[in-house]
Structures are given as structure tokens and as C-alpha cells.
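Coordinate analysis (summary)
The primary structure of each chain is shown beneath.
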Amino acid sequence: MKHSTQKRIRNLSIAILIIGGMSLIYTYVQMASQLWLKTFITPMVWNPDIKGWQIFILAMRFVGLTLLFILCCIFLARTNRSLKNGELFPKSNIALLRWTALVAALLAFVHTNYDAVVKGESVLSVDSGTILIPLIVLLFAGLYKMAYLAAKDSNLAI
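Residues numbered from 1 in each chain as written. Predicted model: local features only at pLDDT ≥ 70, side-chain atom pairs only at ≥ 80, totals over all residues. Heavy atoms only, no water.

**With respect to the nonpolar core**
In terms of nonpolar packing, the biggest core is built from nine residues, these being Met31, Met44, Ile57, Leu58, Phe109, Val110, Tyr114, Val117 and Val118. Broken down by secondary-structure element, the contributors of at least two residues to this core are helix 2 (51–84) and helix 3 (92–119). Not counting the four nearest positions on each side in its chain, Leu58 is found in contact with Met31, Leu35, Met44, Trp46 and Tyr114. Core analysis: the next-biggest nonpolar cluster, separate from the first, contains five residues, Ile94, Leu97, Ala141 and Tyr148 among them. (Core = buried A, V, L, I, M, F, W, Y, C linked by side-chain atoms within 4.5 Å. Buried < 20%, exposed > 50% of the residue type's maximum accessible area, 1.4 Å probe, protein only. Helix = DSSP H or I, 4+ residues; strand = E, 2+ residues; numbered from the N terminus. Contact = heavy atoms within 4.5 Å.)

What follows is the structure in C-alpha cells.
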């Protein structure tokens, strides 16, 4: 692979990590503001009947977004490291993408219920994104696996 292509991928990876990190920090600030500032646009309304559910959704949003960012960092680091070694698709990223699908399912579910939880409403909902987003990530994991196998087969043929 050309050095300029590797450099572009590395620069794109850095840009993704910077934008993702800023987005993560923004979400942390938003959640903290909703929890502790009463002047926020939509402050947290605690409902004693569903307080456990509210804490679960808030915690899963925090943990899920953090975990998704960490998985993204690992994916990009592995990809850039393997490109330096001449490998296009590292095998270890296949399992990582599958775990990302699981985290994406959790985050899609949390995102669907987050507004109701903030307002203190006792509603549980599941929308099409809760199922569709993880399936799309699994599709990309399958395509990545096929690309890995094709690259491996190509290397064996040479």
C-alpha cells in the first residue's frame, strides 16, 4: 500500500477520534447538566416509581457511549498498526465489530427510552433502530470478514 494512502487513513483516524472524543465530552456535560442543573432545557425529573429504571438507562448511556468510543479507538489503532505491517484487514477486528454490534443494540435501546426517562415517564419502547442498527453493524462485520479472507487468499496466491 502506498505511503500516502496510509498517511490519509492515519489522519482520518485521528480526525475521527478527535470528533468522537468531543462528542463524548459533550454528552457527558449534557448528562451532568440534566442531572444537577435545574436551569437546563430539559432537567431530569425523578419519578420514585421508576427510579431504578431511570438510573439503569442513565448508567447504560454513560457506559455504552464510553465503551463504543473505546471500541472505536481499538479498531482504529489495530487498523493503523496492521497497515504499517502490510496487512489490510486484521483478523482481530472481526470480533471487535461483533462486540460493537452488541453495544450498538444497547445504545439504540437506551436512545429510544432516554427522553421518556429524563421526563420521568413510565414508558418502555423499542423502535426499528434498536434492531436495524445492530444488524447493519453485523453486516459490516461479515463484509469485513469476507475482505479479510479475500486478502488472506490473495496473499497465499502470491
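**As for a positive patch on the surface**
Taken together, the side chains of Lys91, Arg98, Lys145 and Lys152 define a basic patch exposed on the protein surface. Among the secondary structure elements, Lys145 is positioned in helix 4 (residues 128–157). (Patch = residues over 30% accessible without salt bridge, like charges linked within 9 Å, V, L, I, M, F, W, Y side chains within 5 Å. Areas by Shrake-Rupley, 256 points an atom, 1.4 Å probe, with all protein chains shown as cover. Salt bridge = Lys/Arg side-chain N within 4 Å of Asp/Glu carboxyl O. Lys, Arg positive; Asp, Glu negative; His and termini not counted. Charge placed at Lys NZ, Arg CZ, Asp CG, Glu CD.)

**Let's talk about the layout of surface pockets**
Roughly 640 Å³ of volume is contained in the largest pocket. Lining the largest pocket are 23 residues, with Leu65, Leu68, Phe69, Thr100 and Leu107 sitting closest to its centre. For the lining of the largest pocket, the elements supplying multiple residues, two or more each, are helix 1 (3–36), helix 2, helix 3 and helix 4. Among the elements that take part in the lining of the largest pocket, helix 3 stands out by supplying nine residues, more than any other. (1 Å grid on protein atoms, 1.4 Å probe; cavity = no way out; pocket = protein on both sides within 12 Å on 5 of 7 lines; lining within 4 Å. Points joined across faces, edges and corners; volume = space filled by probe spheres on them.)

**A look at the packing of aromatic side chains**
Within this structure, the stated rule accounts for five aromatic pairs. Where Trp53 meets Phe56, the ring centres are 5.8 Å apart and the plane angle is 25 degrees; that geometry is what we call stacked. Of the two residues, Trp53 and Phe56 both sit in helix 2, three residues apart, roughly one turn of that helix. According to the relative accessible area criterion, Trp53 is partly exposed, its value standing at 25%. (Phe/Tyr/Trp six-rings, centres within 6.5 Å; stacked < 30°, edge-to-face > 60°.)

**Remarks on the state of the cysteines**
What the rule picks out here adds up to zero disulfides. Counting only cysteine sulfurs, Cys73 is the nearest neighbor of Cys72, a cysteine outside any disulfide, at a range of 5.9 Å. Cys73 gets classed as partly exposed once you look at its relative accessible area, which sits at 25%. (Disulfide = S-S within 2.5 Å.)

**Notes on a nonpolar patch on the surface**
A surface patch of nonpolar side chains, about 610 Å² in accessible area, is lined by Leu132, Ile136, Leu139, Phe140, Leu143 and Met146. Assignment of secondary structure puts Leu143 in helix 4. When its relative accessible area of 42% is taken as the criterion, Leu143 is described as partly exposed.

**So, the environment of Asp49**
By the secondary structure assignment, Asp49 is in the loop between helix 1 and helix 2. Residue classification places Asp49 among the exposed residues on the basis of a relative accessible area of 72%.

**Here we look at the packing of helix 2 against helix 3**
Helix 3 packs onto helix 2 with a crossing angle of 150 degrees between their chain directions and a minimal axis gap of 8 Å. With respect to their mutual orientation, helix 2 and helix 3 come out roughly antiparallel. Where helix 2 crosses over helix 3, the handedness of that crossing is left-handed. (Axes fitted to C-alpha atoms, helices over the stretch in contact; angles between N-to-C directions. Parallel < 35°, antiparallel > 145°, perpendicular 65-115°, else oblique. Left-handed = near helix turned anticlockwise from the far one by under 90°.)

**Here's the deal with the packing of helix 1 against helix 2**
Relative orientation of the contacting elements helix 1 and helix 2 amounts to 170 degrees, with a least axis distance of 11 Å. Accordingly, the angle class assigned to the pair helix 1 and helix 2 is roughly antiparallel. Residue composition of the contact of helix 1 with helix 2, by class: 15 nonpolar, eight polar and three charged. (Nonpolar A, V, L, I, M, F, W, Y, C, P; charged D, E, K, R; others polar.)

**Focus: the confidence of the model for the protein**
Counting all residues, the mean pLDDT for the protein is 91, and 97% of those residues have values of 70 or more. By mean pLDDT, the top-scoring element of the protein is helix 2 (95), and the lowest-scoring one is helix 4 (90). (pLDDT = per-residue confidence, 0-100.)

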